[in-house]
Structures are given as C-alpha cells and as structure tokens.
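# Working through the structure, step by step
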Amino acid sequence: MSTVTVSAFIEAQDADLWRLLTDLPARADWLSAVDAVEVLGAGGFGPGTVWRETRARPDGGTEPEEFEVIEAVAPGRLVLGSRGAGADYRITWTLRTVERRRRGCTEVTVEQEAVPTRAYGRVLALILGGLAARAVESALRRDLADLALAAGPARSTEAA
C-alpha cells in the first residue's frame, strides 16, 4: 500500500469549500484536470453516490475515472473510493478551520491511498512506486490549487 498526503491553507470557510467539493456537476468548471463529470444514479450527495470524471492525462489524452462516496461528514471529511487497474484507491479530504494571520481559513488535507488488488499491481508499485507517488502528489497539489482558486480571490499557501 502506498499513501500520498498533501495539505494547503485556503482562505475560505470550510462550508464554502465543502460546497465546491460536493457539487458534482460543477467539478469540471473548477478542476483543471477534469473535462467532464457524469453523475451515475439519482439522489442527493452522500455515501453511495457515484460519478465518472473524464480526467486529462499528462500525455495529453483523457481517461475516465469513477468515484464513489464512502463517507461524507459535512463540512469536514469526505472519503471517496475508486477502482483502478490493479489497485483500489481511497481519497480522503479533510477540512479543518484554523486561524492564520488573524483571519479564519481552512486547512485542507487530501490523502490518497493505493492498495494493490492483483499481483501485477504489487509489481508495478514496487517498480514505479516513487515515480507514481510524485505524479499523484503533483495531481493532488493541482487539485488543491484549483480548489483555492475556485473559492475566491484569496490565495492558498502550502502546508506540507
């Protein structure tokens, strides 16, 4: 299993960031790596909600990725699951209100865990582990920067 964690301070309220994260049809509007979002099924946002995002790949192509909400505790914790080729992924968003420079802001931490599900997934993790971790970290940092930009004119600063 490999885990990548990144954090940023975003000068926005946790409830506003939560709305951005959970407004599925609007995700393609603010996530620069997402070209389209298709919600699969009806109903409100919560455990069991499933959607497909078409994400840009570093090589210029696109790849569909399906997500399911495992846990949603507004406005502080969102856990998503995604099945990949040879690995299952768990993405946890944690929003924590903090005071910074005498102003309220939110520390946003996103953690992605990859659990190999097949033998070749374990072999690939062994061979490409460091490279894959750097690519995941870069993607997570980009998503955090996009979230900060979508939250308003305030800027974010990296925490970890």
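Scroll up for the structure.
Everything numeric here is computed off the predicted structure, so don't read it as measured data.

Scoring rules and cut-offs
Throughout this description, residue numbers start from 1 for each chain and increase along the sequence as written. Given that this is a predicted model, residues contribute local features only at a pLDDT of at least 70 and side-chain atom pairs are listed and counted only at 80 or more, while totals for whole chains, interfaces and linings are drawn from all residues. The side-chain values count all of the structure's non-hydrogen atoms but skip hydrogen atoms and water molecules. The rule is short: rings of Phe, Tyr and Trp, with Trp giving its six-membered ring, pair when the centres are within 6.5 Å, and they are stacked under 30 degrees, edge-to-face over 60, tilted in between. Only protein chains enter the area calculation, which uses a 1.4 Å probe; residues under 20% of their type maximum are buried, those over 50% are exposed, and those in between are partly exposed. What counts as a helix is a DSSP run of H or I of at least four residues, what counts as a strand is a run of E of at least two, and both are numbered from the N terminus. Think of a polar contact as two N or O atoms within 3.5 Å of one another; within protein, one of them needs to be a possible hydrogen donor and the other a possible acceptor, and neighboring residues in sequence only count if both atoms come from side chains. Throughout, a residue-residue contact means that at least one pair of heavy atoms, one from each residue, lies within 4.5 Å. When DSSP locates at least two bridges between a pair of strands, those strands are taken to pair. Put simply, a salt bridge is a Lys or Arg side-chain nitrogen that is within 4 Å of an Asp or Glu carboxyl oxygen. For our purposes a nonpolar core is just a set of buried Ala, Val, Leu, Ile, Met, Phe, Trp, Tyr and Cys residues, chained together by side-chain atoms within 4.5 Å.

## A word on the packing of aromatic side chains
Aromatic ring pairs: the centre-centre distance and the angle between the two ring planes describe each pair. Summed over all chains, the structure comprises two aromatic pairs. Centroid distance F45 to W51: 6.4 Å. Interplanar angle 40°. Geometry classified as tilted. Its relative accessible area of 29% is what places F45 among the partly exposed residues. Ring centres of W51 and F67 lie 5.6 Å apart, and the angle between their planes is 25°; this geometry places the pair in the stacked category. Taken as a pair, W51 in strand β3 (residues 50-56) and F67 in strand β4 (residues 62-73) lie far apart in primary sequence, 16 residues in all. One exposure class covers both W51 and F67, and it is buried. Joined through ring pairs, the aromatic side chains of F45, W51 and F67 make up one cluster.

## A short note on unusual backbone geometry
Each neighbour pair has its own omega, and for A74 with P75 the value is -10°, a cis peptide bond. Locating P75 in the fold gives a position in the loop between β4 and β5 (77-83).

## Observations regarding the environment of T106
In this fold, T106 is placed in strand β7 (residues 103-116). Residue T106 is classed as buried on the basis of its relative accessible area of 0%. The sequence separation of T106 and I10 amounts to 96 residues, and the corresponding C-alpha distance is 5.3 Å. From its side chain, T106 meets the backbone oxygen of A12 in a polar contact 2.7 Å long.

## Considering the side chain of T92
Topologically, T92 is positioned in strand β6 (residues 87-100). Not counting residues within four places of it along the chain, the set of residues in contact with T92 comprises R77, L78, V79, T109, V110 and E111.

## Here's the deal with the pairing of β3
Regular strands show a simple pattern: their side chains alternate between the two faces of the sheet. Note that strand β2 (residues 34-40) and β3 share six bridges and pair antiparallel. Note on β3: the bridge partner recorded for V39 is W51. In this sheet, β4 lies alongside β3 in antiparallel orientation, the contact comprising seven bridges. Paired with W51 across the two strands is F67, which belongs to β4.

## Notes on the side chain of Q112
The residue Q112 is located in strand β7 in this model. For Q112, the contacting residues outside a window of four places in its chain are S2, T3, V4, Y89, R90, I91, V136 and L140.

## Quick look at the pattern of salt bridges
A complete count under the given rule lists ten salt bridges for this structure. With its nearest N and O atoms 3.0 Å apart, the salt bridge here joins R52 to E38. In this pair, R52 sits in strand β3 while E38 sits in strand β2, placing the two residues 14 residues apart along the sequence. Here R52 falls in the partly exposed class, since its relative accessible area comes to 29%. Among the ionic pairs, R83 bridges to D88, the shortest N-O distance being 3.4 Å.

## Focus on the nonpolar core
Membership of the largest hydrophobic core comes to 27 residues, with the highest contact counts inside it found for L17, L80, W93, V108 and L147. Of all the secondary structure elements, the ones that give two or more residues to this core are β1 (2-10), α1 (14-22), β4, β5, β6, β7 and α3 (119-151). Discounting residues that sit within four places of it in the chain, L17 has contacts with I10, A12, L95, T106, V108, L147 and A151.

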